[in-house]
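# Coordinate analysis (summary)
Next come the chains, spelled out residue by residue.
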Amino acid sequence: MNPFEPRIITFLCNWCSYVAADAAGVSRLSQKTNTRAVRVFCSGMVDPNYVIKAFAQGADGVLVAGCHPGDCHYIAGNIKALRRSFLLRKLLEELGVDEKRFRLEWIAASEPHKYAKVVNEMSEQIRALGPFSPGCVRD
């Protein structure tokens, strides 16, 4: 019997968090391999429907990562992502998704260690929660 290995979808900002993820890999930092990266130009471009669809299609967790506030290449895209996250959390709760399964993080290109730490923490947290059953979450 295989132990549960969570499936985590990560939406990574092209300019910061994607670069940090790449640097974490190149630097051979210890990190879980159960994430699938979706490269987006800005965290503000992650439509809440993308997150809901990820859960509906079997993701056990979703991470949205972008530039630190004030450092967005699109001026205020990350602030837009932050505002959306509050509403998205409420919607996910209504759909029966535990709040610990969704995470928004600010990770600069110069922070590969932070990226690895966030991915590892999230993986362990979701492993403790167990597999996600989509239930009422649909496409």
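Bear in mind the structure is a predicted one, so any value in this text is a computation, not a measurement. (Residues numbered from 1 in each chain as written. Predicted model: local features only at pLDDT ≥ 70, side-chain atom pairs only at ≥ 80, totals over all residues. Heavy atoms only, no water.)

### Some thoughts on helix α1 (residues 17–26)
In an α-helix, one full turn covers 3.6 residues, which means residues spaced three or four apart are oriented alike. As a reminder of what qualifies: In this scheme, a residue with accessible area under 20% of its type's maximum is buried, one over 50% is exposed, and one in between is partly exposed, where area comes from a 1.4 Å probe on protein chains only. Counting from the N terminus, the helices are DSSP H or I runs at least four residues long and the strands are E runs at least two residues long. Directions from the helix axis toward the C-beta atoms define the arc. The contact criterion used throughout is that any non-hydrogen atoms of two residues lie within 4.5 Å.
All buried positions along α1 are accounted for by S17, A20, A21 and A24. The arc that holds the buried residues of α1, viewed along the axis, is 100°, so those residues lie on one side. Residues of α1 that are buried in the fold lie against β1 (8–13), β3 (61–66) and α4 (112–129). Directly beyond the C-terminal end of α1, a positive phi value near 55° is found at R28.

### Section: the pattern of salt bridges
What counts is decided by this rule: A carboxyl oxygen of Asp or Glu within 4 Å of a side-chain nitrogen of Lys or Arg is what we treat as a salt bridge.
For the structure shown, the criterion picks out six salt bridges. Of the charged contacts in the structure, one is a salt bridge between E105 and R103, with a shortest N-O distance of 2.8 Å. Judged by its relative accessible area of 17%, R103 is buried. Residues E121 and K117 are paired through a salt bridge, measuring 3.6 Å at the closest nitrogen-oxygen approach. You can see E121 and its partner K117 sitting in helix α4, four residues apart, about one turn around the helix. With relative accessibility at 53%, the residue K117 sits in the exposed group. Salt bridges linked by common partners bring E5, K32, E124 and R127 together as one network.

### Digging into α4
Quick note on the threshold: Given a helix with a known number of residues, its expected span is that number minus one, times 1.5 Å.
Here α4 spans 26 Å end to end across 18 residues, near enough to the 26 Å set by a 1.5 Å rise per residue. Along α4, the residues classified as buried are P112, Y115, A116, V118, V119, N120, M122, S123 and I126. Of the surrounding elements, those touching the buried residues of α4 are β1, α1, β2 (35–40), β3 and β4 (102–106). Remark: G130 follows α4 within two positions and exhibits a positive phi of approximately 90°.

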